[in-house]
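What the coordinates show
Residue strings, one per chain:
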Amino acid sequence: MEKGPFSVEWLAQSSRGGAREMPGSPLQTPPSVPADSPRDRGGAERRSPEHEALSAGAAPGRSRTKFSAAQLQELERSFREQRYLGAGEKRRLAALLNLSQSQIKTWFQNRRMKFKRQTQDAK
């Protein structure tokens, strides 16, 4: 069998880095990556511990907020009154419950999704 362009031998050789140009073509193909390069290794060897923590869903250096019973009671009461908070109400709740505004915002987002799931399951 001939070793012309796109023959089985030429393709096998080019995938190993042996063929640098197509016969009859003046353009050079880029050099192939050596087999022991970082791009060729398995994914686990490239991942840092930080990447593993992120892919597992945990933010580095931030633990999950544990709300007290009093905080949850006030959050649930506010949720029953209105599903969406304005900026003023968010600030008021954050100060009252000693939480950040982003924690209040996130709790309401999660609670709306829980409410949506509950109402869809009931149908």
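What comes next is a walk through the structure. Since the model is a prediction, treat every value here as computed from it, not as a measurement. What you see as residue numbers is a count from 1 along each chain, following the sequence as written. For this predicted model, a pLDDT threshold of at least 70 governs which residues receive local features, and a threshold of 80 or more governs which side-chain atom pairs are given and counted, while totals over whole chains, interfaces and linings are taken from all residues. Calculation of side-chain values draws on the structure's entire complement of heavy atoms; hydrogens and water are dropped beforehand.

So, about the packing of aromatic side chains. For Phe, Tyr and Trp, where Trp contributes only its six-membered ring, two rings pair if their centres lie within 6.5 Å, and the inter-plane angle classes them as stacked under 30 degrees, edge-to-face over 60, or tilted in between. One pass over the structure, following the stated rule, counts four aromatic pairs. The interplanar angle of 85 degrees and the centroid separation of 6.4 Å between the aromatic rings of Phe79 and Trp107 together place this pair among those described as edge-to-face. Here Phe79, found in helix α4 (residues 69-81), pairs with Trp107, found in helix α6 (residues 101-122); they are 28 residues apart in sequence, far enough to count as distant. For the pair formed by Phe79 and Trp107, the shared burial category is buried. Taking the centre distance of 5.3 Å and the plane angle of 75 degrees together, the rings of Trp107 and Phe108 count as edge-to-face. Here the aromatic cluster, defined as three or more aromatic residues joined through ring pairs, consists of Phe79, Trp107, Phe108 and Phe115. The side chain of Arg83 reaches across the aromatic face of Phe115, ending 4.0 Å from its centre. The secondary structure listing takes helices from DSSP runs of H or I that are at least 4 residues long and strands from runs of E that are at least 2 residues long, numbered from the N terminus. Only protein chains enter the accessibility calculation, which uses a 1.4 Å probe; a residue whose area is less than 20% of its type maximum is buried, one above 50% is exposed, and one in between is partly exposed. Ring-over charges, as used throughout, are those where CZ of Arg or NZ of Lys falls within 6 Å of the ring centre and within 35 degrees of the ring normal.

Every angle, taken between N-to-C directions, lies between 0 and 180 degrees, and every axis is a line fitted to C-alpha atoms, over only the stretch in contact when it is a helix. It is at 11 Å that the axes of α4 and α6 come closest, and there the two elements cross at 60 degrees. Considering only the axes of α4 and α6, their crossing is right-handed. Seen from α4, the contacting residues are Leu72, Leu75, Glu76, Ser78 and Phe79; seen from α6, they are Ile104, Trp107, Phe108, Arg111, Arg112 and Phe115. Split by residue class, the contact of α4 with α6 holds seven nonpolar, one polar and three charged. Each crossing gets its hand from how the near helix is turned against the far one by less than a right angle, where anticlockwise is left-handed and clockwise is right-handed. It only takes one pair of heavy atoms within 4.5 Å for two residues to be counted as in contact. Each residue gets one label: Ala, Val, Leu, Ile, Met, Phe, Trp, Tyr, Cys and Pro are nonpolar, Asp, Glu, Lys and Arg are charged, and the others, such as Gly, are polar.

Multiplying one less than the number of residues by 1.5 Å gives the expected span of a helix. For α4, which comprises 13 residues, the first-to-last C-alpha distance of 19 Å matches the rise-based estimate of 18 Å (1.5 Å per residue) to within 8%. Turning to α4, its buried residues number three or more, namely Gln71, Glu74, Leu75, Ser78 and Phe79. Here the buried residues of α4 occupy an arc of 140 degrees about the axis, which is enough to place them on one side. Across from the buried face of α4, at angles greater than 90 degrees, the exposed residues are Ala69, Ala70, Gln73 and Arg80. Among the structural elements, α5 (87-97) and α6 are those in contact with the buried residues of α4. Along the arc lie the directions from the helix axis toward the C-beta atoms.

Think of a 1 Å grid over just the protein atoms. A cavity is a set of points where a 1.4 Å probe fits yet cannot get out, a pocket is an open set with protein on both sides within 12 Å along at least five of seven lines, and lining residues have an atom within 4 Å of a point. Grid points are joined across faces, edges and corners, and a volume is the space filled by probe spheres set on the points. Within this model, the largest pocket holds a volume of roughly 360 Å³. If you trace the largest pocket, you find it lined by Arg62, Ser63, Arg64, Thr65, Lys66, Phe67, Leu72, Ser102, Gln103, Thr106, Trp107 and Asn110. When residues in the lining of the largest pocket are grouped by element, the largest group, five residues, is from α6. Along the lines of polarity and charge, the residues of the lining of the largest pocket split into three nonpolar, six polar and three charged.

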